[in-house]
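# Chain and residue survey
This is what each chain is made of:
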Amino acid sequence: MPLFTRKNNKQGPTTDAGQFGSRSSMNSASSQGSHLTNNNNNNNNNGVPEKSKPPLVFHCQLAHGSPTGLIHDFSSVRELYQKIAECFDISEKDILFCTLNSHKVDMTRLLGGQIGLDDFIFAHRKGRPKEIEIIKSQDALGLTITDNGAGYAFIKRIKEDSIIDHIEHICVGDHIEKLNGQNMVGKRHYEVARMLKDIPTGGTFTLRLVEPVRSGFQGIGPRSQSRASGSGGAGGRNYGSGKETLRFKANGNAQIEPQFDEATEAGIEAINNLLESFMGINDTELASQIWELGDNKTNSMDFAEAIDNSDLESFGFTDDFIIELWGAITDARRKTATSPK
C-alpha cells in the first residue's frame, strides 16, 4: 500500500439535547491549544547536549478508503485535523470526526482528549447533506451530542423509542450544521444542546444535517488491521494495544502518560453517566477532569472547594450533584480496593 506524508520542518465530549444543567460552559481540553511534552525532565545539569527524541508518528487513513498517511508534529485536536488535511490534500473543514482503530462510524471509538501511542486514526469526511423538519412532541428529544474539538457538533447516541429514534433519516455520526437556519458550526456541544432544549414542547424546528461519507464496505475490517490480526509474526503490529497514551491536558500541555488504571476507568465512567443523567452532558474529558480534582481528596467538602476553585465552577454544579459525583469517586475506589488481585 502506498505510504505518503507531507514534510514539515517544525517540530513539535458530549451533550444530551433532551436535557441540560444549571450552568453553562467550559472549554474541553481537547479543543485548546497545547504543547507536547513528556513526563521526563529534559534538563541536563552537566551541560551535555541531549539527543533529540524522535517525534511521535501516527498512522492514518480516510475512513471510506485511502492510502496510509503518517501524521506527526501536532499538540491539540485542532492541529491534528490540520495535519490530516495536509497529508491527504483535503480541506480541514471537510473532516467531521476521527475514530481510533476502526473505520466504522463507531462512537465507542471516537477520538477525544487522548490517543494511544499505538492507535490507528481514521478520519471521517463530510458526505450528503439532509434537512429534516421535526415536531418536538416531548420535552426530551433522546439525542446525545458531542463535538470534534474543532467546531463541529454531531450526534453520538440516539435513545431507543425517542422522538429522534422514530425518524429514520437521522443517524449516529450526523453533523448538526444548522438549526432553524442558524449556523451551528463553531459551537460546542452544550451550546447546541441548550438551543434544542429551549425549543418549546409542541414546537416545530428544522435540522440541517451532514452525514459522514460511508463506503460500501462498512462490515469489513481495515487492511492494516487484517495484517496485524495474525499470530504476531514478524512485521505485524497490533494497533490500539499500547500501554501509553498521548493525553491533551486542560492546563495546556499534551503529555505521554500510562493508561488509566481500573479505579480511574471505573470512576470516569460513573461520573460520565451522572453527567448525562443529571445534566444531559456526556463528555469523557470533563469526567476525567472531575476525577482528577477528587482523586486526592478525603471528603466531599474539599472536593467541592476544588471544583469551585477550578474552571468547572462555571457549570454551577448543585450541592446535591457534587455529593453524587463524590459518591461515584468513592465507590470506584472502594470496588477496586475490595476486588481480588
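These numbers come from a predicted model, not from an experiment.

This paragraph deals with helix α2 (residues 189-197). Listed in full, the buried residues belonging to α2 are H189, Y190, V192, A193 and L196. Mapping the buried residues of α2 onto a view down its axis gives an arc of 160°, with all of them on the same face.

Quick look at the packing of aromatic side chains now. Applying the stated criterion to the full structure yields 5 aromatic pairs. Measuring from centroid to centroid gives 4.9 Å for F120 and F122, while their planes differ by 25°, and the two rings are stacked. Each of the two residues, F120 as well as F122, counts as buried. Aromatic pair F303 and W326: ring centres 5.6 Å apart, planes at 35°, arrangement tilted. Of this pair, F303 sits in helix α6 (residues 300-308) while W326 sits in helix α7 (residues 319-338); the two residues are 23 residues apart in sequence, bridging distant segments of the chain. Each member of the pair, F303 as well as W326, is classed as buried.

Counting 29 residues, the largest nonpolar core has L80, I84 and I121 as the members making the most contacts within it. Going through the elements one at a time, β4 (57-62), α1 (77-88), β6 (95-100) and β8 (121-135) are the ones with two or more residues in this core. Per element, the largest residue contribution to this core is 7 residues, and it comes from α1. One finds I271, A306, L312 and F315 within the second-largest nonpolar core, a separate group that totals 23 residues.

The N-to-C vectors of helix α5 (residues 284-294) and α6 enclose an angle of 130°; their axes lie 9 Å apart at closest approach. Between α5 and α6, the angle is such that the two are oblique. Where α5 crosses over α6, the handedness of that crossing is right-handed. Where α5 approaches α6, its residues I290, L293 and G294 are matched on the opposing element by F303, A306 and I307.

Of all 6 residues making up β4, 5 are buried, and the element is well covered by its neighbours. For β4 and strand β5 (residues 68-72), the ladder comprises 4 bridges, and the chain directions are antiparallel. Paired with H59 across the bridge in β5 is L70. Connecting β4 to the antiparallel partner β5 that follows it, the hairpin turn spans 5 residues, and G65 within it adopts a positive phi of roughly 125°. Bridging between β4 and β8 involves 3 bridges; their strand directions are parallel.

Throughout the structure, instances matching the rule amount to 0 disulfides. Not part of a disulfide, C60 finds its nearest cysteine sulfur in C98, a span of 6.1 Å. You can call C60 buried: its relative accessible area is 0%.

With that out of the way, let us pick up the pairing of strand β13 (residues 204-212). Note: β8 against β13, 8 bridges, orientation antiparallel. Each residue of the ladder has a partner; that of I134, found in β13, is F205. Summarising the sheet, strand β11 (residues 175-179) and β13 pair through 4 bridges and their orientation is antiparallel. Within the sheet, the bridge partner assigned to I176 lies in β13 and is L209.

For α6, the full list of buried residues reads S300, F303, A304, A306 and I307. What you see down the axis of α6 is that its buried residues fit within an arc of 160°, all on one side. A side-chain oxygen of the first residue of α6 lies 3.1 Å from the backbone nitrogen of M301; this N-cap is N299.

Okay, the pattern of salt bridges next. Scanning the entire structure with this criterion turns up 9 salt bridges. With a shortest N-O distance of 2.4 Å, R125 and D94 are connected by a salt bridge. Of the two residues, R125 sits in strand β8 while D94 sits in the loop between α1 and β6, which places them 31 residues apart along the sequence. Under the relative-accessibility criterion, R125 is labelled partly exposed at 22%. Residue classification places D94 among the buried residues on the basis of a relative accessible area of 16%. Residue K130 is joined to D174 by a salt bridge in which the shortest nitrogen-to-oxygen separation is 2.9 Å.

Conventions we followed
- Once a new chain begins, its residue numbering starts again from 1 and follows that chain's sequence as written.
- In view of the model being predicted, local features appear only for residues whose pLDDT reaches at least 70, and side-chain atom pairs are presented and counted only at 80 or more, with totals across whole chains, interfaces and linings using the full set of residues.
- For side-chain calculations, the full set of non-hydrogen atoms in the structure is used, while hydrogens and water are omitted.
- Only protein chains enter the area calculation, which uses a 1.4 Å probe; residues under 20% of their type maximum are buried, those over 50% are exposed, and those in between are partly exposed.
- Labels follow the DSSP assignment, with helices taken as runs of H or I lasting at least four residues and strands as runs of E lasting at least two, numbered in each case from the N terminus.
- Working definition: the arc comes from the directions between the helix axis and the C-beta atoms, pointing outward to the latter.
- In summary, the pairing rule links any two rings of Phe, Tyr or Trp, Trp by its six-membered ring, whose centres are within 6.5 Å, and it sorts them by plane angle into stacked for under 30 degrees, edge-to-face for over 60 and tilted for everything else.
- Residues enter a nonpolar core if they are buried and are Ala, Val, Leu, Ile, Met, Phe, Trp, Tyr or Cys, with the set joined through side-chain atoms within 4.5 Å.
- Axis definition: a line fit to C-alpha positions, over the contact stretch in the case of helices; interaxial angles, taken between N-to-C directions, run 0 to 180 degrees.
- To sort the angles, those under 35 degrees are grouped as roughly parallel, those over 145 as roughly antiparallel, those from 65 to 115 as roughly perpendicular, and the leftovers as oblique.
- A clockwise turn of the near helix away from the far one marks a right-handed crossing, whereas an anticlockwise turn of less than a right angle marks a left-handed crossing.
- Contacts: residue pairs with any heavy atoms within 4.5 Å of one another.
- Two strands are said to pair when DSSP picks up at least two bridges between them.
- Cysteine sulfur atoms that pair up within 2.5 Å are treated as a disulfide.
- Residues adjacent in sequence count toward polar contacts only when both atoms are side-chain atoms; beyond that, a polar contact is any pair of N or O atoms within 3.5 Å, and within protein one must be able to donate a hydrogen and the other to accept it.
- A pair is scored as a salt bridge if a Lys or Arg side-chain nitrogen falls within 4 Å of a carboxyl oxygen belonging to Asp or Glu.

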